[in-house]
Amino acid sequence: MEEEIRPIPSSKPKKNVIALASLCLMSAVIGGLTTVAAVPYIYPTNISSPTQTTASGFTQVSNVTAPETNFPVAQIAKDVGPAVVGVSNSQTSRGFSGNSGLQQAGNGSGFIVNAEKGYIVTNNHVIEGAQKITVSLSDGRTLDAKLIGADPRTDLAVLQISDTTNLTAVELGDSSVVEVGESVIAIGNPVGDEFARSVTTGVISATNRALNLQGVEAHNLIQTDAAINPGNSGGPLVNYQGQVIGINSVKYAATGFEGMGFAIPISDALPTINQLIKSGVAKHPALLVSTDDQYNSYATINNKPQGAYIASVLPNGPASKAGIKNGDVITMVNDVKVEDPSDLIRELYKNNVGDKVTITYIRDERTQQVEVILGELAST
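Conventions adopted
- Residues numbered from 1 in each chain as written.
- Predicted model: local features only at pLDDT ≥ 70, side-chain atom pairs only at ≥ 80, totals over all residues.
- Heavy atoms only, no water.
- Salt bridge = Lys/Arg side-chain N within 4 Å of Asp/Glu carboxyl O.
- Buried < 20%, exposed > 50% of the residue type's maximum accessible area, 1.4 Å probe, protein only.
- Core = buried A, V, L, I, M, F, W, Y, C linked by side-chain atoms within 4.5 Å.
- Helix = DSSP H or I, 4+ residues; strand = E, 2+ residues; numbered from the N terminus.
- Pairing = 2+ DSSP bridges.

1. Quick look at the pattern of salt bridges
Logical step 1: Counting across every chain of the model gives 10 salt bridges.
Logical step 2: Lys 337 is the partner of Glu 339 in a salt bridge, and the nearest nitrogen-oxygen pair spans 3.4 Å.
Logical step 3: For Glu 339, a relative accessible area of 36% translates into the label partly exposed.
Logical step 4: The partner of Arg 346 in a salt bridge is Glu 347, and the shortest N-O contact between them spans 3.6 Å.
Logical step 5: Note on Glu 347: relative accessible area 5%, which makes it buried.
Logical step 6: Members of the salt-bridge network, linked through shared partners, are Asp 343, Arg 346, Glu 347 and Lys 350.

Here it is, written out as structure tokens:
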């Protein structure tokens, strides 16, 4: 059985400053001369020998390294940068001469989550349709990568490289505790290897954002103003403890908008990542129904309850077996309010395949409840 990827706890850097101040008063009665000397000294604890004598006899001042906490971004870039990789997607393309061959169809980023086994996490859209995947490492190596598994519904993919020599893995944080205004760092390969492992900084602008990724509604995304550009997709969003808290996935590129990038929270991504590593397929809990996004506008105009309007029900699926029908409007999952299809998916994904949930819905202006055993929706 494959070992699961888990968040690695790490402590925050400590500040050590030792200050020593001395004041000396010396007086000589003989001769009537009084000398007062005050000499302050500050000794950083991490400096043992600021000077050294060269072979030529000259005294050379050594470069004094500032404490890590003075330049956290620089230190984090050094620690996390080696774990960030470039990902190249090659597909067959027919040239003007009629000859066909593999050509680079796109590129993105990724990061190593298991150095011993060579596992790399990236976005599904980075490698989608690839006939050959290569990754470029921080030490200059370019290696072929094997696709372990991909899940379009969460826009996640796991790759593996066979040569694990001198690999460095990231540390994973807990994205459920991030706060708006918290400083973050994005590391990736915008435009490709030419700008590999570029570092940009910003803050968490918002949490729990909903956005359409690859035609699928994504929820609970982290919004950041750290610059995210084409090629950054799949790279890590890192907090100031050097822990990955998100997977950079998309930039809001509408005219007039700047500083709106979005990342998949790492805590939400981990269950899918571990499923892909273990079986190559991700399975999600589902009612096996389809919904109509246009209902909510209709409900607002006609003073109807907000909810997830059921457009169709898969025969013999979980919802069908529980008696849910076309035209029902789901308003709650367990004790959590549902106001649109996005809310429904988010609440269902909090559960596992086979879990029993209570669904509250409206039919013919009457509120009803039913228990449903969640079915399975597998990645394709």
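2. So, the nonpolar core
Logical step 1: Formed by 31 residues in total, the largest nonpolar core has its most connected members in Phe 111, Val 170, Leu 172, Ile 247 and Ile 273.
Logical step 2: For this core, the leading source of residues is helix H3 (residues 266-279), giving six residues.
Logical step 3: Residues Val 313, Ile 324, Tyr 361 and Val 372 belong to the second largest nonpolar core, which totals 18 residues.

3. Describing the pairing of strand E20 (residues 308-313)
Logical step 1: As paired elements, strand E19 (residues 289-291) and E20 share three bridges and run antiparallel to each other. From the neighbouring strand, Ser 290 faces E20, where its bridge partner is Ser 312.
Logical step 2: Of the pairings in the sheet, the one linking E20 to strand E21 (residues 329-333) comprises two bridges and is antiparallel in character. In the strand pairing of E21, Ala 308 is matched with Ile 330.

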